[in-house]
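A structural walkthrough
Here are the chains, one letter per residue:
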Amino acid sequence: MRENDTLSFGMRLKGIVFALALLAPAPALAGSMPVDELNSPMWEAHAERLFSGAPVVFDHRVKVLLPLLVENQHALPVTVDARELGAVEKIVIFADYNPIPIALELEPLKARAYIATRIKIDQGTPVRAAVRTKDGTWRIGGAWVDASGGGCSAPPSSRVRGDWTTLFGQMRGAAWQDAGGTRMRVSIRHPMDTGLVENIAAYNLEELVVADASGIPLARLKIHGSVSEDPSFTLMVDPAGDGALAIRARDTDGVQFVGTIETGDQAPNLAMR
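Conventions adopted
Residues numbered from 1 in each chain as written. Predicted model: local features only at pLDDT ≥ 70, side-chain atom pairs only at ≥ 80, totals over all residues. Heavy atoms only, no water. Helix = DSSP H or I, 4+ residues; strand = E, 2+ residues; numbered from the N terminus. Buried < 20%, exposed > 50% of the residue type's maximum accessible area, 1.4 Å probe, protein only. Contact = heavy atoms within 4.5 Å. Areas by Shrake-Rupley, 256 points an atom, 1.4 Å probe, with all protein chains shown as cover. Pairing = 2+ DSSP bridges. Phe/Tyr/Trp six-rings, centres within 6.5 Å; stacked < 30°, edge-to-face > 60°. Salt bridge = Lys/Arg side-chain N within 4 Å of Asp/Glu carboxyl O.

1. A few points about the overall build of the protein
- Looking only at helices and strands, the protein has 4 helices and 15 strands in total.
- Scored against the burial criterion, the 273 residues of the protein give a buried share of 46%.
- Within the protein, counting contacts between residues at least 6 apart in sequence, those at least 24 apart form 67% of the total.
- Entry remark: accessible area of the protein is about 13600 Å², with carbon and sulfur atoms responsible for 54%.

As structure tokens, this is what we get:
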């Protein structure tokens, strides 16, 4: 090989290595804050409060699935799928410009790094998921959504209709067996008041725990007021053995909600409180 050919090959090889480095997640360094991929002026303030100096990195393996168009600012579907990361310790969903930024916090104790729910959106904002892995690093994914606004500062529809007490507390659930384990969904009728509407105090679900038939907790949710009215949560859990899943929830007034979801290969089941 001639000298010029050798130099040309070396330059091409360096170019390939550089391109691969751009595709890989940036290394996480404690105390350093990566430049926000979504260019939000609220990023640093939220990051300092949420991550307390822990390593932070933007990671394409944290997938945040959102609709292209926000049709209802009171109920924006959000799915977070971080299963490519393997086992994780915590998932936090938050919206930069919401007056109640954090929507929920999931501890997937014996569950996959996956959750689907609905949240309120008060204006156009980045919606993000922060996923803490076993090494203490927070891995971030997200996207901008455009919205007309008012999701957090307008009363829920059940308050407007005046029938919220009639349906309050009803629980519904379903579970499916698939190749990934047990997929389950649970919903609870609740107004989820933010406290930002005149003459309506803050009142929301604050905790939900899913346990298997032997009582072992599979997933724990900390829920905030920016989750939508009549909240619904879809999880992928890994119960030990067969049997019903137990659902226990509590709201900010201390009201308890209890239900069960039957599991198995049959069609989805419903469970009322």
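2. Some thoughts on the pairing of strand E4 (residues 88-95)
- The buried fraction of E4 is high, at 6 of 8 residues.
- Bridging between E4 and strand E7 (residues 125-133) involves 7 bridges; their strand directions are antiparallel. Looking across to E7, one finds that Val88 is bridged to Thr133.
- Bridge count between E4 and strand E5 (residues 102-107): 4 bridges; the pairing is antiparallel. Its bridge partner lying in E5, Ile93 is registered against Leu104.

3. Focus on the packing of aromatic side chains
- Applying the stated criterion across every chain yields a total of 6 aromatic pairs.
- The interplanar angle of 50 degrees and the centroid separation of 6.2 Å between the aromatic rings of Trp43 and Phe51 together place this pair among those described as tilted. Comparing Trp43 with Phe51 shows no difference in burial state: the two are buried.
- Taken together, a centroid distance of 6.3 Å and an interplanar angle of 25 degrees make the contact between Phe168 and Tyr203 stacked. Of this pair, Phe168 sits in the loop between helix H4 (164-167) and strand E9 (171-178) while Tyr203 is found in the loop between strand E10 (181-188) and strand E11 (205-211), placing the two residues 35 residues apart along the sequence. Each member of the pair Phe168 and Tyr203 is classed as buried.
- Among the aromatic side chains, those forming a connected cluster through ring pairs are Trp43, Phe51, Phe58 and Trp138.

4. Considering the pattern of salt bridges
- Under the defined criterion, the tally for this structure stands at 13 salt bridges.
- Ionic pairing is found between Glu105 and Lys90, a salt bridge with its closest N-O pair at 3.0 Å. Linking Glu105 in strand E5 with Lys90 in strand E4, this pair joins segments that are 15 residues apart in sequence.
- Linking Arg250 and Glu206 is a salt bridge whose minimum nitrogen-to-oxygen distance equals 3.0 Å. Taken together, the positions of Arg250 in strand E14 (residues 245-251) and Glu206 in strand E11 put the pair 44 residues apart, joining distant regions of the chain.
- Judged by its relative accessible area of 27%, Arg250 is partly exposed.
- When its relative accessible area of 27% is taken as the criterion, Glu206 is described as partly exposed.

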